Amino acid sequence: MTRSKWMALIGAGLLTLSVAGIALASTNLLAGQVGITLGSKDKTGTEDCAGIEVPDGQVFLHFVLTQTTDSDGSIDATFSNPAGTFHQDHKTKAAGGTLQWDGYVTGDADTVLESAVTSADGDNLVLSHACFGAPAESQPAESQPAESESAPPSFTSTEEPATDVPSEPNTATVPTSGTSGPSDSSWLLVAALGVILASVVVMTPARAKNRR
């Protein structure tokens, strides 16, 4: 094989490697930002966050890739406390040779940026700033009714309800007084004595009257 052919093969190989390198190019998050809290990039209330409406419990993020010659690229980021992910596709290239991505993630000032990577090639990939919404309202635990507010226990009673109406006396029995009355045969004894006395009076002879 002639020298010219060898040079052509080498040139083709280098071109192939360079094209593959461009296709596989990516840029990771700047090492100094790995593990930072989003609160360290808080720009809420400043010009950077002016006009941005952030829902409660959410954080608006603005990533920037500097010194890039790419005109497009996507970004993926991961978070902890709470755990979450972020993905955005770039639409247009920003002025100044940068790619920029905006989006939202659930979290607060204590949420941690664990990692980020873009498919574009550039100098530094950084989180430029964050804008925070109001804290999410925590759901109150379901409260149990207080003991005093709980429903009174139900009871089943076999007793008849009390009434002001006096009860009728039991006619099956006749109440007795402290002294006992005459028995049913006493009147017969009295009658017999009367008969005896009457007979005695009849049988007694009358005294004779003295003659004058």
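Definitions and limits used
- Residues numbered from 1 in each chain as written.
- Predicted model: local features only at pLDDT ≥ 70, side-chain atom pairs only at ≥ 80, totals over all residues.
- Heavy atoms only, no water.
- Disulfide = S-S within 2.5 Å.
- Helix = DSSP H or I, 4+ residues; strand = E, 2+ residues; numbered from the N terminus.
- Buried < 20%, exposed > 50% of the residue type's maximum accessible area, 1.4 Å probe, protein only.
- Pairing = 2+ DSSP bridges.
- pLDDT = per-residue confidence, 0-100.
- Contact = heavy atoms within 4.5 Å.
- Axes fitted to C-alpha atoms, helices over the stretch in contact; angles between N-to-C directions.

S.K.: Can you help me understand the state of the cysteines in this one?
M.R.: By definition, a disulfide links two cysteine residues through a covalent bond between their sulfur atoms. Taken as a whole and assessed by the stated rule, the structure comprises 1 disulfide. Across the disulfide from Cys49 sits Cys131; the S-S distance is 1.9 Å. Across the S-S bond of Cys49 and Cys131 the torsion is about -90°, and the bridge reads as left-handed. Taken together, the residues Cys49 in the loop between strand S1 (27-28) and strand S2 (58-65) and Cys131 in strand S7 (residues 125-132) connect sequence positions 82 residues apart. Overall, Cys49 belongs to the buried group, its relative accessible area being 8%. On the basis of relative accessible area, Cys131 is assigned to the buried category, the value being 2%.

S.K.: Help me out: how do you make sense of the pairing of strand S6 (residues 112-118) in this one?
M.R.: Within a regular strand, side chains alternate between the sheet's two faces. Where S1 lies against S6, 2 bridges are found, and the strand directions are antiparallel. Following the sheet pairing, Thr27 is matched in S6 by Thr118. Across 6 bridges, the pairing between strand S3 (residues 74-80) and S6 is antiparallel. Bridge pairing in S6 links Asp76 to Val117.

S.K.: Sorry if this is basic, but what is going on with the confidence of the model for the protein chain here?
M.R.: Caution applies to low-pLDDT regions: their predicted coordinates should not be interpreted in detail. Model confidence for the protein chain is summarised by a mean pLDDT of 75, while 56% of its residues fall at 70 or above. The least confident element of the protein chain is helix H1 (residues 3-23), whose mean pLDDT is 51; the most confident is S6, at 98. Contacts from residues 15-23, a stretch scored under 50 in pLDDT, to residues over four places away or in other chains number 0 contacts. For residues 153-158, every residue scores under 50 in pLDDT, and the model assigns this stretch 0 contacts once sequence neighbours within four places are set aside.

S.K.: Sorry if this is basic, but what is going on with the sheet that holds S7 here?
M.R.: Sheet strands line up and pair through hydrogen bonds in the backbone, either parallel or antiparallel. In space, the 3 strands of this open sheet follow the order S5-S2-S7, with antiparallel pairing throughout. For this open sheet the edge positions go to strand S5 (99-106) and S7, each flanked by a neighbour on one side alone. Averaged over all pairs of adjacent strands, the angle between strand axes in this sheet comes to 25°, irrespective of strand direction. With 8 bridges joining them, S2 and S5 adopt antiparallel strand pairing. By the bridge assignment for S5, Leu65 is matched with Leu99.

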